[in-house]
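# A structural walkthrough
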Amino acid sequence: MNSFDTDKAAAYLRQLSPQDFATFGLDHVAYVRPVTVDDAPAFSVHAADGTPLTVLAERDVAFATVRQNDMEPLSVH
């Protein structure tokens, strides 16, 4: 069984600088949000720091693209 010490985790997170916290998860998470491009629905993919990565026509394709790049997609509404 994997144990997780929340006190140690909290202490570690308190020691992160604002820059460290901003890049936390940068290589592991991408956000997918609905957008409109040329009056058509689309889905924008962004890095954890908000950097736009791509725009795709279908939500499923956006999520698959994120996963193909070894990242976890998160939906932003």
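Scope of this entry: the structure provided in the associated data block. Here the structure is a predicted model, which is why all the values come from computation and not from measurement. (Residues numbered from 1 in each chain as written. Predicted model: local features only at pLDDT ≥ 70, side-chain atom pairs only at ≥ 80, totals over all residues. Heavy atoms only, no water.)

## Looking at the environment of T54
Relative to the assigned elements, T54 resides in strand 3 (residues 52-56). Take T54: its relative accessible area is 32%, and that puts it in the partly exposed class. Remark: the alpha-carbon pair of T54 and V32, spanning 22 residues in sequence, is separated by 9.7 Å. Beyond its immediate chain neighbours, meaning those up to four positions away, T54 contacts F43, S44 and V45. (Helix = DSSP H or I, 4+ residues; strand = E, 2+ residues; numbered from the N terminus. Buried < 20%, exposed > 50% of the residue type's maximum accessible area, 1.4 Å probe, protein only. Contact = heavy atoms within 4.5 Å.)

## Focus: the nonpolar core
In this structure, A30, V32, F43, V45, L56, A62, F63, V66 and M71 together form the largest nonpolar core, which totals 9 residues. The leading source of residues in this core is helix 3 (residues 59-68), at 3 residues. Here V45 is in contact with A30, Y31, V32, T51, P52, L53, T54, L56, A62 and V66, once residues within four sequence places are set aside. (Core = buried A, V, L, I, M, F, W, Y, C linked by side-chain atoms within 4.5 Å.)

## As for the sheet that holds strand 2 (residues 40-47)
Reading across the sheet, the 4 strands line up as 3-2-1-4 and stay open at both edges, with mixed pairing between neighbours. The strands lining the two open edges of the sheet, one partner per strand, are strand 3 and strand 4 (72-75). Mean inter-strand twist for the sheet, computed between neighbouring axes without regard to direction, equals 30 degrees. Across 4 bridges, strand 1 (residues 29-37) lies against strand 4 in parallel orientation. Its bridge partner being in strand 4, Y31 is matched across the sheet by L74. (Pairing = 2+ DSSP bridges. Axes fitted to C-alpha atoms, helices over the stretch in contact; angles between N-to-C directions.)

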